[in-house]
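# Working through the structure, step by step
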Amino acid sequence: MKTAVMTDTNSGITKKEARELGLYLMPMPVIINGSVYYEDENINEAGFYAAQSSGAEVSTSQPSPGEVLGMWDLAFKEGWDEIVYIPMTSGLSKSCEMAIGLAASYEGKVQVADNHRISVPLRESVLRAVSLAKEGHSAAGIKEQLEREAYLASIYITVDTLEYLKKGGRISPAAAMLGTVMQIKPVLSIRGGVLEAFAKSRGRKNSLELMVRALKKDAETRFSSLDPESMRVCAAGTALSQEEIDMLKAALLEEFPGHEVLYNPLPISVGCHTGPGAMGVGICF
């Protein structure tokens with residue numbers, strides 16, 4: 001059986017990379033001042049954050065059923081026997097739930113894996129799926145394995161400004177104003193695909209140190225039974241300068257020496273809520 005692998009741009013995988021890897025990539029839509037754009041199609045990171053910073057109204061959306069079905073049918077037309085689709089976590093979007101419903105009519109030929117991941121950890125899961133497919137694993141087998149490993153990941157994110165969390169209704173205007181005056185930076189966690197408040201810190205440097213310490217603690221407690229050699233150390237951000245990316249990587253390398261730090265821009269669907277300047281760190285197995 002030939003198994004096709006499909007994901008969306010919340011994985012951080014680009015169109016070019018998808019072609020090289022031989023997988024199908026669903027571009028995620030974003031709405032800017034009422035017009036729909038598609039990540040890595042007709043809007044890139046620079047264009048999105050330029051629009052957001054200029055005061056444009058931005059929001060996220062999900063692919064339409066027709067777009068998802070169209071990509072599945074294309075894969076079958078191109079000779080694949082079955083498909084494993086790995087969308088962004090169901091904890092942050094309804095797109096996974098919609099895909100599961102659509103797959104019911106394909107009599108098992110389309111398997112939707114709710115991997116409970118986003119950004120670099122999702123990317124790692126997709127690369128694992130590609131490897132398993134090349135080894136001859138079935139779509140159902142790949143789905144089972146990815147879902148079994150879904151919670152073996154941890155992400156922490158901090159924002160540079162509270163403005164966009166306020167716009168999205170995540171915090172009140174009063175809390176945003178007080179936080180700005182006091183230079184308080186919230187630290188958010190993503191575990192099992194759910195975004196939650198984790199801690200508060202004063203200043204950008206302190207927030208980064210707090211996140212890296214929390215990540216180290218997770219490695220030593222939650223994941224202590226796992227092989228540290230299989231751990232992937234991840235970094236991500238929104239519209240970061242090279243200097244900021246290097247700082248992020250250096251902070252992680254100090255706590256996780258001997259590991260390669262994988263960096264990707266955070267997907268636009270996250271950037272809608274965090275704004276530019278957000279930084280994220282994570283580990284996954």
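Cut-off values and rules
Residues numbered from 1 in each chain as written. Predicted model: local features only at pLDDT ≥ 70, side-chain atom pairs only at ≥ 80, totals over all residues. Heavy atoms only, no water. Helix = DSSP H or I, 4+ residues; strand = E, 2+ residues; numbered from the N terminus. Buried < 20%, exposed > 50% of the residue type's maximum accessible area, 1.4 Å probe, protein only. Polar contact = N/O pair within 3.5 Å; in protein donor to acceptor, adjacent residues only side chain to side chain. Contact = heavy atoms within 4.5 Å. Expected span 1.5 Å × (residues − 1). Arc of directions from axis to C-beta. Pairing = 2+ DSSP bridges. Axes fitted to C-alpha atoms, helices over the stretch in contact; angles between N-to-C directions.

Attention shifts here to the side chain of threonine 3. Secondary-structure assignment places threonine 3 in strand E1 (residues 3-8). Taking relative accessible area as the criterion, threonine 3 reaches 4% and is therefore assigned buried. Side-chain polar atoms of threonine 3 contact the side chain of glutamate 82, separated by 2.9 Å. Within the structure, the side chain of threonine 3 is placed 3.3 Å from the backbone oxygen of histidine 137, a separation counted as a polar contact. Ignoring anything within four residues of it in the chain, the contact list for threonine 3 reads Trp80, Glu82, Val84, Ala133, His137, Ser138, Ala139 and Ile142.

On to helix H10 (residues 242-255), then. For H10, built from 14 residues, the straight-helix expectation of 20 Å at 1.5 Å per residue is met to within 8% by its first-to-last C-alpha distance of 20 Å. Of the residues making up H10, those classed as buried are Ile245, Leu248, Ala251 and Leu252. Seen end-on, H10 carries its buried residues on one side only, within an arc spanning 125°. Opposite the packed face of H10, turned more than 90 degrees from it, sit the exposed residues Gln242, Glu243 and Glu254.

Ordered by their spatial adjacency, six strands build an open sheet running E10-E9-E8-E13-E11-E12, and the pairing between neighbours is mixed. Strand pairing shows two members of the sheet lacking a second neighbour, strand E10 (194-202) and strand E12 (261-265), which therefore form its edges. Ignoring which end each strand starts from, the neighbouring axes of this sheet average 20° apart. Pairing of strand E11 (residues 232-237) with E12 involves five bridges; the strand directions are parallel.

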